[in-house]
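The chain contents come next:
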Amino acid sequence: MKKGLFTLLLIGILVFGVVASGCIGGGGGGNTTSSPSKTTTTSQSQTTTTSQSKTTTTTTTITKTTTTTAPETTTTTTTAPATTTTTTTTTTTTTTTTQPATTTTTTTSTQGQEVTIVLWHAMGEAEAQTFKDLIAEFEIEHPNIKIQMEYKASLETALKAAIPAGKGPDLFIWAHDWIGKFADGGLLKPIDDYIPADFKDNFVPLAQDAFEYKGHYYGVPFAAETVALIYNKDLVKNPPKNFDEMKQIMEQYNDPDNGKYGIATPVDPYFISGWVHAFGGYYFDDATETPGLDKPETLEGFQFFFNEIWPYMAHSRDYNTQFSIFTDGNAPFMINGPWSISGVKEAGIDFGVEPLPPIEKDGKTYYPRPYGGVKLIYVTANAKDEKMQAIWEFLKWFSTSEDVALTLAFQNGYVPVLQSVSDNPDIQSDPVISGYMKALEHAYLMPKSTKMGSVWGPVDQAITDYIGGKKTLEQALQDAQQQILKAIGG
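Residues numbered from 1 in each chain as written. Predicted model: local features only at pLDDT ≥ 70, side-chain atom pairs only at ≥ 80, totals over all residues. Heavy atoms only, no water.

**Regarding the packing of helix α3 (residues 125-141) against helix α13 (residues 402-412)**
So, step 1. As a packed pair, α3 and α13 sit with axes 10 Å apart at the nearest point and diverge in direction by 155°. On the basis of their axis angle, the class for α3 and α13 is roughly antiparallel. Considering only the axes of α3 and α13, their crossing is right-handed. Counted together, A126, E127, T130, F131, L134 and E137 of α3 and D403, V404, T407, L408, Q411 and N412 of α13 form the full contact between these two elements.
So, step 2. Classifying every residue of the contact of α3 with α13 gives five nonpolar, four polar and three charged. (Axes fitted to C-alpha atoms, helices over the stretch in contact; angles between N-to-C directions. Helix = DSSP H or I, 4+ residues; strand = E, 2+ residues; numbered from the N terminus. Parallel < 35°, antiparallel > 145°, perpendicular 65-115°, else oblique. Left-handed = near helix turned anticlockwise from the far one by under 90°. Contact = heavy atoms within 4.5 Å. Nonpolar A, V, L, I, M, F, W, Y, C, P; charged D, E, K, R; others polar.)

**So, the nonpolar core**
So, step 1. I377, L395 and F398 are the most contacted members of the largest nonpolar core, which has 92 residues in total.
So, step 2. Looking at this core element by element, the count peaks at eight residues for helix α12 (residues 388-400).
So, step 3. Taken together, domain 1 (115-225 + 373-445) and domain 2 (227-372 + 448-489) each give at least three residues to this core, which thus spans both.
So, step 4. Sequence-distant contacts of L395, defined by excluding residues within four places in its chain, comprise L171, I191, V220, I377 and V379.
So, step 5. I272, W275, L356 and A462 belong to the second largest nonpolar core, which has 48 residues in total. (Core = buried A, V, L, I, M, F, W, Y, C linked by side-chain atoms within 4.5 Å. Buried < 20%, exposed > 50% of the residue type's maximum accessible area, 1.4 Å probe, protein only. Domains from an automatic or database assignment.)

**Thoughts on the pattern of salt bridges**
So, step 1. For the structure on display, the rule yields 13 salt bridges.
So, step 2. With a closest N to O distance of 3.9 Å, K448 and E212 form a salt bridge. Taken together, the residues span a long stretch of sequence, with K448 in the loop between β20 (444-445) and α16 (456-467) and E212 in strand β9 (residues 212-213) at a distance of 236 residues. For the pair K448 and E212, a shared accessibility class is recorded, and that class is buried.
So, step 3. The salt bridge involving D465 is made with K471; its shortest N-O contact spans 3.5 Å.
So, step 4. For K471, a relative accessible area of 26% translates into the label partly exposed.
So, step 5. Here the salt bridges share partners, and the residues they tie into one network are E156, K160 and K181. (Salt bridge = Lys/Arg side-chain N within 4 Å of Asp/Glu carboxyl O.)

**A look at the environment of K260**
So, step 1. For K260, the location among the structural elements is in the loop between α7 (243-253) and α8 (273-278).
So, step 2. In this structure K260 comes out as partly exposed when scored by relative accessible area, which is 33%.
So, step 3. The spatial distance from the C-alpha of K260 to the C-alpha of F326 is 9.5 Å, given a sequence separation of 66 residues.
So, step 4. Here K260 is in contact with Y253, N254, D255, G329 and N330, once residues within four sequence places are set aside.
So, step 5. One polar contact links K260 to N330, side chain to side chain, over a distance of 2.9 Å. (Polar contact = N/O pair within 3.5 Å; in protein donor to acceptor, adjacent residues only side chain to side chain.)

**Some points on the packing of aromatic side chains**
So, step 1. One pass over the full model with this rule turns up 37 aromatic pairs.
So, step 2. Centre to centre, the rings of W174 and W178 are 4.3 Å apart; their planes meet at 15°, and the pair counts as stacked.
So, step 3. Pairing F306 with W310 gives two aromatic rings, centres 6.0 Å apart and planes at 70°, and the pair type is edge-to-face.
So, step 4. Its relative accessible area of 12% is what places W310 among the buried residues.
So, step 5. Directly above the aromatic system of Y414 lies the positively charged group of K375, at a separation of 5.0 Å from the ring centroid. (Phe/Tyr/Trp six-rings, centres within 6.5 Å; stacked < 30°, edge-to-face > 60°. Lys NZ or Arg CZ within 6 Å of the ring centre and 35° of its normal.)

**Here's the deal with the side chain of H121**
So, step 1. Within the secondary structure layout, H121 lies in strand β6 (residues 115-121).
So, step 2. Among all residues touching H121, those that are not within four sequence positions of it are A128, M149, E150, Y151, K152 and L155.

**Describing the environment of V118**
So, step 1. One can find V118 in strand β6.
So, step 2. Expressed as a C-alpha distance, the spacing of V118 and M149, which sit 31 residues apart in the sequence, is 6.1 Å.
So, step 3. Each residue touching V118, except ones within four places of it in the same chain, is listed here: Q148, E150, P169, D170 and L171.

Shown next, in the form of structure tokens:
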């Protein structure tokens, strides 16, 4: 569905929810059970009533009385046998016993008891509103579960202060790279018992491992991000199929003396990671928790970037400078993430998005593998056991609902990780979302280890030292390797 149509459908659901909030009996997983009243039969359903009636008859009769109560009430009627006399009046006493009314819902938890789940986030107002709208839909389907969103400007600081004191939220939203330090710090609650064996199959490969750490699951994924090649359609009619074609276009437009360049991209460890990983190199291996800056494949990746891309750039490491070069129409290409798209649109650039093109070298094909991050809803150690079934109902719904994935994609620009929407016609026809979804296929999952925090600084310093002419590229990487090993105690 198109963005506008989808939004209208969502609004329609919410309007229905407002109208029907007093008469929805319950529901879950899309199977909503409607009934005439939600809790309006309490006075009738919880009272045992004994009534008597007199029946006068002149014939032999066995009297059976049936009592009808409210639709939600299950009623058992017990009638004492009538005493029958041919010519006398018979008094029939009827005792009606009514069982307490029950409300049937498809929610497997919190039957008859409301559960409030607190969710912390650091999103902007517009971004968070989409979540609130989706949560309103969930609450209509699950009337006993309430999700309370709370904004925290300094989310990490707030979490680390509140959770140990038992005052923190049940859930919070952030990228997956916090999972190591929060799990090791005892701030997360494993949800292994709720994860079905095939649950990971719902997601694209990049997301399948993002919510697992050291054999435990601590949340669920719902979106991802990575960088891709953004091209100006006024300058590039067809996106390059491989790096050789990309290089030809860069050479055609590169004219530094007149403020024109072949490509614009920020220069830091994150943005050039795709080229470093292309040949099998890496900054840090999450499985072995060891740095790899001394690997020949890592050196090859750095050399490729500085020999094949850097010459066609403005020699500035400033993000805003590189971004402006592209949005001012002074470069045919830019390497950037989905967060940059709103600025590209505001600049009036007619653009497309494609994965970084493959490299043909020595008869082999190498795919650039930029870092990828996955957005998670984490479960904190503060989540009480009695809430966990309700929490899982929400997590499962939010992470595996196609409507949720599509809404976040078209309203917030999120890149879906739900496998079932990858072939959705509306996703395929959206140049931005489909372009970044394709880019996820070769993305390199950001390490989850707490030791990764010791990697960024030395790698960034190596880039600075090489660009500044202080060291050779090989020496700069060797020095960075030693600094990281010293920091992590290796």
